[in-house]
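Listed here are the chains, written in short residue letters.
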Amino acid sequence: MTTLSPSGFLRIGESDLEYRMLGPSPQDAPTIVMLHEGLGSAALWGDFPEKLQAATGAGVFVYSRAGYGNSSPVELPRPLDYMHSEALDVLPKLLDQIGFRRGLLLGHSDGGSIAAIYAGGVADHRLDGIVLMAPHFVVEDVSVASISEIKTSYETTDLKQKLARWHKDVDNAFYGWNGAWLDPEFRSWDISDSLAYIRVPIALIQGESDQYGTVRQVEIAQEECYCPVEVTLIKGAGHSPHRDAAAQTVNAISEFASALLQAEGSHGRAIRAGLR
């Protein structure tokens, strides 16, 4: 277990992963561990972690996966099961190393898929619930079309320069994600089976104008999950509801968290006990 500074690097396997820690440490309070999108990083969350920490009072741990931000690069091409590797190999080690005792996983896009795989694949009694923002459970045509378009933008506009603000090795970050999603074999990627094994409540937040996924992702969660699924559909929001509708997104998460992250002996424990 590591004594966490407000920011720094964690050595997980062969990679050094950058992180930020806001609020109380995992040893002292429930913690929300944030998992970024496919082109995200610790810094690209902006001030959303601060807003979340202020609204919930929980500790908030943010990190960049390998290949993103200032973390170590990865070998390309990424294997097509890279999200399973992150969820079942890297994330358990990271949670142990930071001294995670109880709390939530909050994942956006790829990060939401990783959180779902973890919750369905690891029987972690420390986990009180998961928040999934614009997650992917299956590959949709709209996802592939939008990811193909962004590849063109990356190679023909100033998008690469904009993303380089957030990633030490921007090509590693972009092509690691884009190359996997545009691989023809990735069309059969499907994690819906993991949903049936999740035993903690889920808050699912989806923008109605998401250019990378449709309400079908929400329907899959409602069909496959045996655990409670709270759905917040945000009108006018796209793939990043925490940017497009920050106040509404923070409110939805803080209400969900408050029911689960109360003190020992709380209603939150009763909710979880009913799911075991």
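Scroll up a little and you will see the structure.
Note that the structure is a prediction, hence the values are computed from the model and not measured. (Residues numbered from 1 in each chain as written. Predicted model: local features only at pLDDT ≥ 70, side-chain atom pairs only at ≥ 80, totals over all residues. Heavy atoms only, no water.)

**Q** Looking at this structure, I do not really get the overall build of the protein. What am I missing?
**A** Secondary structure assignment for the protein yields 11 helices and 8 strands. Taking 276 residues into account, the globule formula puts the C-alpha radius of gyration at 19 Å, and the protein, at 17 Å, falls close to it. For the protein, the spread of C-alpha atoms along the principal axes amounts to about 55 × 40 × 30 Å. Per-residue burial over the protein gives 57% buried out of 276 residues. (Helix = DSSP H or I, 4+ residues; strand = E, 2+ residues; numbered from the N terminus. Rg over C-alpha atoms; globule rule 2.2 N^0.38 Å. Buried < 20%, exposed > 50% of the residue type's maximum accessible area, 1.4 Å probe, protein only.)

**Q** Would you explain the environment of Ala-145 in this entry?
**A** Take Ala-145: it is sitting in helix 4 (residues 141–156). When the C-alpha positions of Ala-145 and Asn-178 are compared, they lie 12 Å apart, and in sequence the two are 33 residues distant.

**Q** So what exactly am I meant to see when it comes to the nonpolar core here?
**A** One recurring pattern in soluble globular proteins is that nonpolar side chains are buried together. Core analysis: the largest hydrophobic core is formed by 61 residues, its most contacted members being Phe-61 and Leu-94. It is helix 2 (residues 82–97) that contributes the most residues to this core, 7 residues altogether. If we skip the residues at most four places from it in the chain, Leu-94 touches Leu-10, Ile-12, Leu-17, Phe-61 and Tyr-63. Core analysis: the next-biggest nonpolar cluster, separate from the first, contains 26 residues, Leu-52, Ala-237, Val-250 and Leu-260 among them. (Core = buried A, V, L, I, M, F, W, Y, C linked by side-chain atoms within 4.5 Å. Contact = heavy atoms within 4.5 Å.)

**Q** Mind showing me how you'd approach the pattern of salt bridges here?
**A** Two side chains carrying opposite charge are able to pair once their charged atoms lie near each other. This structure, assessed with the given rule, holds 14 salt bridges. The partner of Asp-128 in a salt bridge is Arg-102, and the shortest N-O contact between them spans 3.4 Å. With Asp-128 in strand 6 (residues 127–133) and Arg-102 in the loop between helix 2 and strand 5 (103–108), the pair connects residues that are 26 residues apart, well separated along the chain. Accessibility assignment for this pair places Asp-128 and Arg-102 in one class, buried. Measuring nitrogen to oxygen at the nearest pair gives 3.3 Å for the salt bridge that ties Lys-160 to Asp-171. Of this pair, Lys-160 sits in helix 5 (residues 159–163) while Asp-171 sits in helix 6 (residues 170–181), placing them 11 residues apart in sequence. Judged by its relative accessible area of 29%, Lys-160 is partly exposed. (Salt bridge = Lys/Arg side-chain N within 4 Å of Asp/Glu carboxyl O.)

**Q** Any chance you could explain a nonpolar patch on the surface here in plain terms?
**A** A cluster of nonpolar side chains, namely Val-215, Val-231 and Leu-233, defines an oily patch on the protein surface of about 200 Å² accessible area. Leu-233 gets classed as partly exposed once you look at its relative accessible area, which sits at 38%. (Patch = residues over 30% accessible without salt bridge, like charges linked within 9 Å, V, L, I, M, F, W, Y side chains within 5 Å. Areas by Shrake-Rupley, 256 points an atom, 1.4 Å probe, with all protein chains shown as cover.)

**Q** Can you walk me through the pairing of strand 8 (residues 229–234) in this structure?
**A** Consecutive side chains of a regular strand alternate in pointing toward one face of the sheet and then the other. Sheet analysis places strand 7 (residues 202–207) next to strand 8, joined by 6 bridges and oriented parallel. Paired with Ile-205 across the strands is Thr-232, a residue of strand 8. Crossover connection from strand 7 via helix 8 (residues 216–224) to parallel strand 8: handedness right-handed. (Pairing = 2+ DSSP bridges. Right-handed = clockwise from strand over helix to strand, strands pointing away.)

**Q** Before we go on, may I ask you to explain the state of the cysteines in this structure?
**A** Each disulfide is one covalent bond, formed between the sulfur atoms of two cysteines. The tally for this structure, following the rule as stated, stands at 0 disulfides. Cys-227 provides the cysteine sulfur closest to Cys-225, a residue in no disulfide bond, and the two sulfurs are 4.2 Å apart. Classification of Cys-225 by relative accessible area gives buried; the value is 12%. (Disulfide = S-S within 2.5 Å.)

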